[in-house]
Every structure is written in structure tokens, then in C-alpha cells.
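# A structural walkthrough
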Amino acid sequence: MSVSVAEMTEQDQLFEYTVRLGDNCVILGQRLAEWCGKSPVLEEELALMNVGLDLLGQARMLLDYAGKVEGAGRDEDKLAFFRDAQAWRNLLLVEQPNGDFAKTMSRQLFFDCFQFLQYQKLSNSADTKLAEIATKSLKEITYHVRHSSDWVIRLGDGTEESHQRMQKAVDELWGYTPEMFDMDAVDEAMLKSGVGVDLKEIEPAWKKMVEGVLSEATLNFPELTWQVRGSKEGKHTEHLGYLLAEMQFLPRAYPDANW
Amino acid sequence: MSETSTGELPLYEVFIRSKNGLHHKHVGSLHAADDEMALTNARDVYTRRSEGVSIWVVKAENIVASRPEDRGAFYEPNDDKMYRHPTFYNIPDEIGHM
Amino acid sequence: MTNPDTDIAKLEDDFQKKVDAEIRIEPKDWMPEGYRKTLIRQMSQHAHSEIVGMLPEGNWLTRAPSLKRKAVLMAKIQDEGGHGLYLYSATETLGISRDEMYEQLHSGKAKYSSIFNYPTLNWADIGAIGWLVDGAAITNQIALCRCSYGPYARAMVKICKEESFHQRQGYEIMMTMARGTKEQREMAQDALNRWWWPSLMMFGPHDKNSNHSNQNMAWKIKRSSNDELRQRFIDATVPQAEYLGLTIPDDKLAWNEETQSYDWGEIDWDEFKNVVAGNGLCNRERLQARKDAHEGGKWVRDAALAYAQKKRKREALKTAAA
């Protein structure tokens, strides 16, 4: 975005805000798709895909709405397949590679709890469409929280090996979590108009939720020794580019085709 | 525990009530480490098309089953108790439905 | 003393009478060892095929060209996982564990459908798999819904019901591609060229060369012959290809007024044997992917079991203290 926030219309801001929500779901859904055929238990394969399907469904509703808000003729697929990394607004956390099952579950727990609290507030949004999407998604997210919490507890309090892997996973992803609660000018404007969520306000609740799970999992609550941020301005880790290269390849190679 | 020694997750049987007013019905089985995991797995495996409103899971080893050899002793004695069935009784047509 | 041989003969006779009378055989009922073994072989092979079958499609899940197609494909692959699971469950009722079945798959002792050793090279392959491979599978599976073994028949009914959308989504992809750009049409034709013959191979050898057919028919494990089912599939599929404006790669394919069905060429059985013997493009990758998932997931399963045990102990202590 070359436009500074001061120059953004309300419509621009709502578009930006909705794209941020949608992008998280696309990217995390895509990461879960990478688990296909690799799950540690067959039953869990189906569970992971249920979460992935929920996220893809949310992504489609949000990007479809974003496209309509923008009014420039971009639909969900134009937005998903024809933007380069700098135009993506997903959190750094969700673009991190799957790693082992512990890392995927840790990423999932951090995001699920965040999304749960965010959508709880969003379901009261002054924007009726966003409120409607949030209300529908909240049921799904409630289940996601249960699923990832169960696994983090199981792995943390399981065997010596699983405990170590789980602690390592939590530690490795911890520095990506502070960014989730950053409030920039778009967030402030959306909050003011009653559309958006006060992320600062949900931060303590998130810490409490995650702390509860980690302590039951006999894991240490990590110390914040490093942190990175910037996804709201289109700054990303290098992982995103490869994810997009794979995901966007077909529509980019044949831009005139319908699929 | 025998299942821990082989490293295989225990077998659970799954029963689903498809809607209120109906019995739970056996739909199949799955593997899970514990009851909670069995319940969430059952949700993920057996209700992908919203087939249920209520799920029961029970460890397969906890099910007490009759043996096929018992079939004679269990069920045949009731085959000749026709007086338990309404058609055993002759009621004149004039009486109407009873 | 009764003679054990006459006992067995009597049991076998009773068993066959039940089968002939279309009474389903249930897990704890007496059954001939051959019947049990054949079922374990066939059902576990069927289950393995569902699970290995997830891989060629999974190959395109991260590259699906629209969010809708991605969601549909994910749901379809997930169903296949579910169907594998139903079939493993049904096979377990015959007294073999899922881990034992995995072991047989990983060691090469148990087979899976050879079709999944072919690669998916372009997006139209996903359409062709749904249309042809699922189409062939459904033709087989509908016949199996009346199989004499209760748990297998019930699993098949459930699977057939759920799979009805699989073939349709595949055909829809083919339709979109066949009516799309020049490149898309080429992809669609290329996919049909590569998947047609392997789909026909899915029905197995010709009846005259099939070892198990007669006994399996008598036991009603098999309800229609390989050739019958294959012909049924061809007759249903040829008009569908015509509608797409695509050409089936068989010069000998022609409508036969007399038999009211299609005459067709001959399957390259050498290729079939070669792929089964391990020389398909993806045999090694498919098996390795399954081994990696199972062995790589051992620490997760161990952890889940260890946690369950700890929890049980804690609860027992709590009850004791109360």
C-alpha cells in the first residue's frame, strides 16, 4: 500500500482490516494442507483437515467480502492468487513452516486462542457482515482451541521426548506472538468506528488462556528474549514467498484460464 | 496394559444419535489413547456431514457381548411366545383399530 | 467322540447355506479359515488403497487453482482417509490389528491398488482421478454393498453414499478444463490419455485368468465378475468422454449394436504387471510416504498413550483419597 493511513478512506480501511483477517485463514489453511498424508495417526489426519476446511471456509467468506468492499472487481481468488508477498497481511506466526507435529500444534494453539478472543469481540462488530462471519466461525474456532489445547497438554505431559519437542516448539514460536496484539492506525480507526477489535485488550486474556494450557502441559511459559513484527506493513519472513510460489503457480501460469 | 506394550492406541466403538428421538446407533470404531481423544476423533471421523447430535464412545474391551453359540438359548425360547405379539389376538373388525 | 472332520464339514455346509440364503455373516459367527483370510486380504488391500490414494491427490492440494477447488479437494481427500479408517475398522473385526495391517503394507506383503503408483502431473489429473479412478472404484464398490460379510457390506454402503460427490467433482473439473483455454484442453486430453488404461486395469485380470474368482463368487465376497464390471464402467464412461469432446486413447473402441455395448482394445498386461512389480513411477515414493508418516508419528502416539496412563493413575489416586 503506497497510500498513507491518513489518506485512506473508511472503505480502504475496512478493506485492509478484512484482508488481514482473511489472509491469516488462507495461509494457515495452506499450511495445514501440507500435512495431507503425513499425519501421525489416521484419525488425526481427519481432524487436521477439518481445521483446514474451517479455515478455508472462513478465508473465502472474508476475502469475498474484502473484494466487495474494495469494489475494484477482485474476487476471493484474485486476492488469494494474484498478490505478492508484500501485499499479504497475514501474521508472521501463521506463515511459519509446519515443523514436527509439536510445532504445528503450538502454532495452532497460539493462533486458535488469539482468533477465538478476536472473533468473540468481532461478533459484536458494527459491521454486520464481519459480525456475521465471526459468529459463524466462532463455533468452529471453539473446537479448534479444544483440539490444539488437548494435544499441547498430551505432548507436554506425555513422554520425555514429546515434552522436549513441545517445549522447543513453544519457545521457537514465542517471538512471533507479540505482533498479534499490535494496533496500528487502521486498527485504531476501525476500533473507533466500532468495527474492529481492541487487540491490546485481549492480550491479557490470551496470555491467561495459553498459560493455563502450558501449565497443565507441564511446560514453561517462555521468556520473551526476541520478537519480530511487521506483517501489517507487508514485512514477512522468507517462508511466505515459497508458500505463495507453490499456492499461486497455476493461476499465475495461465492467467486467462478459469478453473 | 496390553495396548501400551504393542504401542497401538486402544480400539473404541462409536455410537451416534443422528437426531433427537432416535437411539444411538453403532457406526464403526476408531483408535484413541483416551476417552477425550476418542470423543473428539469420533466427531472428526464420523460426523463430517453433521450426522449426529450426540456421540457415545466405549472402549471395545469393555463391551460384554453374547456369543453366537448362545443364540439358541438366548433368543429361540421367545420365538414361540406368540402371545407377546398383537396379531396373536382376534378382535372383530367392527371394533376398529386397537 | 465326534469326528472333527465331519464337524468341520457340517459347519462349512451350514455356513454356505447361510451365504446362499443371503444371510450376512457377522464377526463372531463361525467362518471357514479361507473365507476369513480372503476377506482380510481383500479388505486390508482396499483400506490401504484409500490411504495410499490420498497421496497422488494430496500432491495437488497445495497447488489447487482456486480456494473453492482447494476446499473441495481437501474434503475429498479427507473422505478417503475416513474410508480407509472405516475399512480398517471392518477388517479389525476379523481378528487382525491395524498395526499388523500397516506392517504388511510397509513390508510389501499387502498390496494396494496399483493405480496410485502413477504420478499426477497436471491439474486435470485431479479431474481424471475423480471421474475415472473414482468412477471405476464406485462401480466395484456398489457390487460390494451386497457382500456376504456384514461389516464389509455396511462399510461399503457408507462409503458409496459419501463418494457420490467424488466422481461428480472430478467430472466438473474435466468439463471446465475441456471447455477452457487451449492449454487447459490439452491438459484434459493428456490426463485422459494417461489415466484411461490404468483405470480399466483397476478391475483386475480377465475372468479367465483370475485365480480366486469362483470361490469368492460362491462365498459372495465378490458379486460380479471383473469383466462384467469393467464393461459396465466402459459403457457408462464413453458417452461422458464424448460429451467432453475428448478422445479415449483406444483405436478399437466402437459401439456394438448387437451386444448393445462397446467393443474395445486390449489392456497392456505387461505394463500392469510391471507397475505391480514395483516399476511404476511412484511406487517407492508412495510406500515411503506411508512409512514416514507412521514411523515419524510414533513419538506422538507414544506420548498420547503415556499421557493417558498418567491421567488414569492420577484419577485412581484421587478416587482412593476421596
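Residues numbered from 1 in each chain as written. Chains lettered and ligands numbered in written order. Predicted model: local features only at pLDDT ≥ 70, side-chain atom pairs only at ≥ 80, totals over all residues. Heavy atoms only, no water.

## Things to note about the packing of aromatic side chains
The geometry of two aromatic rings is summed up by the distance between their centres and the angle between their planes. With the rule as written, the count across this model stands at 26 aromatic pairs over all chains. Plain terms: the ring middles of W174 of chain A and F221 of chain A are 5.0 Å apart, the flat faces sit at 75 degrees to each other, and that makes the pair edge-to-face. Of this pair, W174 of chain A sits in helix α7 (residues 160-174) while F221 of chain A sits in the loop between α9 (199-216) and α10 (239-253), and the two are 47 residues apart along the sequence. On the basis of relative accessibility, which here comes to 30%, the residue F221 of chain A falls in the partly exposed class. Where F203 of chain C meets F233 of chain C, the ring centres are 5.6 Å apart and the plane angle is 45 degrees; that geometry is what we call tilted. Here F203 of chain C is found in the loop between α8 (182-201) and α9 (213-218), whereas its partner F233 of chain C is found in helix α10 (residues 226-244), with 30 residues between them in sequence. (Phe/Tyr/Trp six-rings, centres within 6.5 Å; stacked < 30°, edge-to-face > 60°. Helix = DSSP H or I, 4+ residues; strand = E, 2+ residues; numbered from the N terminus. Buried < 20%, exposed > 50% of the residue type's maximum accessible area, 1.4 Å probe, protein only.)

## Points about a nonpolar patch on the surface
Residues and elements named next belong to chain B. Taken together, the side chains of M82, Y83, F88, Y89, I91, I95 and M98 present a nonpolar region at the surface, about 770 Å² in accessible area. With respect to the helices and strands, Y89 occurs in the segment after α3 (71-75). By relative accessible area, Y89 is classed as partly exposed at 46%. (Patch = residues over 30% accessible without salt bridge, like charges linked within 9 Å, V, L, I, M, F, W, Y side chains within 5 Å. Areas by Shrake-Rupley, 256 points an atom, 1.4 Å probe, with all protein chains shown as cover. Salt bridge = Lys/Arg side-chain N within 4 Å of Asp/Glu carboxyl O.)

## With respect to the interface of chain B and chain C
Residue-level contacts link 26 residues of chain B with 24 residues of chain C. Buried surface at the junction of chain B and chain C, both sides included, amounts to about 2,000 Å², of which 51% is carbon and sulfur. K311 of chain C serves as the salt-bridge partner of D34 of chain B, at 3.9 Å between the closest nitrogen and oxygen. One can count 10 residue pairs in polar contact (both at pLDDT 80 or more) joining chain B with chain C. (Contact = heavy atoms within 4.5 Å. Buried area = accessible area lost by both parts, 1.4 Å probe. Polar contact = N/O pair within 3.5 Å; in protein donor to acceptor, adjacent residues only side chain to side chain.)

## Overview of the pairing of strand β1 (residues 11-17) of chain B
All names here are of chain B. Burial of β1 is extensive: 5 of the 7 residues sit out of reach of the surface. Direction of pairing for β1 relative to strand β2 (residues 24-31): antiparallel, over a ladder of 7 bridges. Residue pairing for β2: I16 is matched across the bridge by K25. Where β1 folds back on β2, the antiparallel hairpin that results is connected by 6 residues, among which G21 adopts a positive phi of roughly 100 degrees. (Pairing = 2+ DSSP bridges.)

## Details of the interface of chain C and chain A
On the chain A side, the residues contacting the 48 residues of chain C number 50 residues. Around 4,000 Å² of area is buried between chain C and chain A when both sides are counted, 72% of it from carbon and sulfur atoms. Of all residues in chain C, L67, M74 and W299 of chain C give up the largest surface area on contact with chain A, accounting jointly for 21% of the area buried on that side. Linking chain C with chain A are 3 salt bridges, by the criterion used here. Between the two partners, chain C and chain A, sit 14 residue pairs in polar contact (both at pLDDT 80 or more). Contributing elements (two or more residues each) for the side of chain C that touches chain A: α3 (54-61), α4 (67-92), α5 (98-107), α7 (150-178), α8, α12 (283-296) and α13 (298-321) of chain C. Looking at which element gives the most residues to the side of chain C that touches chain A, the answer is α4 of chain C, with 14 residues. Per-class residue counts for the side of chain C that touches chain A are 26 nonpolar, 11 polar and 11 charged. (Nonpolar A, V, L, I, M, F, W, Y, C, P; charged D, E, K, R; others polar.)

## Re the environment of G29 of chain A
By the secondary structure assignment, G29 of chain A is in helix α1 (residues 10-33). Its relative accessible area of 0% is what places G29 of chain A among the buried residues. Considered as a pair, G29 of chain A and E76 of chain A are 47 residues apart in the sequence and their alpha carbons are 15 Å apart. Ignoring sequence-local partners within four residues, the contact set of G29 of chain A consists of L55 of chain A together with M74 of chain C.

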